[in-house]
Amino acid sequence: MKLATYKDGSRDGQLVVVSRDLSTAHHANGIAGRLQQVLDDWNFLSPQLQDLYETLNQGKARHAFAFEPAQCMAPLPRACQWADGSAYLNHVELVRKARGAEVPESFYTDPLMYQGGSDDLLGPCDDIVVPSEKMGIDFESEVAVITGDLPMGVSPDAAIDGIRLLMLANDVSLRHLIPAELAKGFGFLQSKPATAFSPVAVTPDELGTAWQGGRVHLTLQTQWNGRKVGLCEAGPEMTFHFGQLIAHLATTRRVRAGSIVGSGTVSNKDWSRGYSCIAEKRAIETIESGAPVTEFMRYGDTVRIEMKGSDGQSVFGAIEQTVAAPG
């Protein structure tokens, strides 16, 4: 099934069920008002939502209405936690090679992950508001999952079974703030503003055979200012699958229902497939010619992130954002 959260003036919005083709929706308030409620009581509430979803797809839902992505908040506007990995090591290799640094051997056996801000997650059409263009504004096209409750020490295979929903993410980075923050040895903070998510979150079964081994085997499309810059395959080169990322997070603590785990920037070794963040394009330019040419985003720039199924239809809907100044 496919679920979204509509704006209703509250912090957590109103849960809606969305048809498979993303054309229609139906309020779920007869079952649950918010997505977190469903995640907290998944075994009882999700079958009821599935019934509504099937009725909606059959065109028999009495109070269906046209689905509008612009009315969506993030599927989970406030999450228990947002932990983002860096599962595509090609991205890490390129960025480090561009600055003359080697990739430590541990990176290939132990996933990279940081704890992001989860108190204010953006909807798919919300502006990317940044205090200054000089901060090095960059998009990052990613895949993310929402978990159920998982115990400390969960195995990677069991962690896959604990994935409730999948969605897309734009994990915006302020590249010029990152070096000073990392030099402090305490990770990202100011360099990571609010993350945006796709209009809908979908259950793994919606992906069919594209969901294999904790990876999404589909193409992630990125457009910058209307120009297609990335057609990156999300499956084959994901070094650590989502089960491994979640197990890494759960090594020393429980993971509660409503936790979001991101894949990191989707990246391919075949440079002809383009890029999912500007930093990677700049790294390639540095490797090829000694210096980056591509500038970071400016106010008024737009980014569109989408993933289509084998039928050519959008799976999660599109993230479509514009960079804006405060106020």
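So, here is what we can say about the structure in this document. A quick note: this is a predicted structure, and the numbers were derived from the prediction, not measured. (Residues numbered from 1 in each chain as written. Predicted model: local features only at pLDDT ≥ 70, side-chain atom pairs only at ≥ 80, totals over all residues. Heavy atoms only, no water.)

### Comments concerning the side chain of T147
Rule in force here: Secondary structure elements are taken from DSSP: a helix is a run of H or I of four residues or more, a strand is a run of E of two residues or more, and numbering for both begins at the N terminus. Accessible area is worked out with a 1.4 Å probe on protein chains only. A residue is then buried under 20% of its type maximum, exposed over 50%, and partly exposed in between. The contact criterion used throughout is that any non-hydrogen atoms of two residues lie within 4.5 Å.
Mapped onto the elements, T147 comes out in strand 9 (residues 141–147). Take T147: its relative accessible area is 0%, and that puts it in the buried class. When sequence neighbours within four positions are dropped, the list of residues in contact with T147 reads L39, G162, R164, I246, V255, R256, A257, G258 and S259.

### Focus on the pattern of salt bridges
Cut-off, in case you're wondering: Any Lys or Arg side-chain nitrogen located within 4 Å of an Asp or Glu carboxyl oxygen qualifies as a salt bridge.
Scanning all chains against the criterion turns up 13 salt bridges. The partner of E320 in a salt bridge is R304, with the nearest N and O atoms 2.8 Å apart. One end of the pair, E320, is in strand 20 (residues 319–324); the other, R304, is in strand 19 (residues 302–307), with 16 residues separating them in the sequence. Given the relative accessible area of 40%, E320 is considered partly exposed. When salt bridges that share partners are traced, they join D138, E140, D171, R175 and K192 into one network.

### A word on the packing of helix 3 (residues 89–98) against helix 7 (residues 278–289)
Where we set the bar: An axis is simply a line fitted to the C-alpha atoms; with a helix, the fit covers only the stretch in contact. Between two such axes, the angle follows the N-to-C directions and lies from 0 to 180 degrees. When describing relative orientation, an angle under 35 degrees is termed roughly parallel and one over 145 degrees roughly antiparallel, while 65 to 115 degrees is termed roughly perpendicular and anything else oblique. Each crossing is labelled by how the near helix is turned from the far one, with a counterclockwise turn of less than a right angle marking it left-handed and a clockwise turn marking it right-handed. Three residue categories are used. Nonpolar comprises Ala, Val, Leu, Ile, Met, Phe, Trp, Tyr, Cys and Pro, charged comprises Asp, Glu, Lys and Arg, and polar comprises the others, including Gly.
Their axes nearest at 8 Å, the elements helix 3 and helix 7 cross at an angle of 50°. When the interaxial angle is binned, helix 3 and helix 7 end up oblique. The element helix 3 and its partner helix 7 pack so that their crossing is left-handed. Residue-level inspection shows N90, H91, L94, V95, K97 and A98 of helix 3 in contact with helix 7, the latter providing E280, A283, I284, T286 and I287. Split by residue class, the contact of helix 3 with helix 7 holds six nonpolar, three polar and two charged.

### Focus on the environment of A25
Summarising the element assignment, A25 is placed in strand 3 (residues 24–27). Judged by relative accessible area, which is 0%, A25 ranks as buried. Counting along the chain gives 153 residues from A25 to I178, while the straight-line C-alpha distance between them is 40 Å. Leaving out residues up to four positions away in the same chain, A25 has contacts with V16, V17, V18, L56, H63, A64, F65 and F67.

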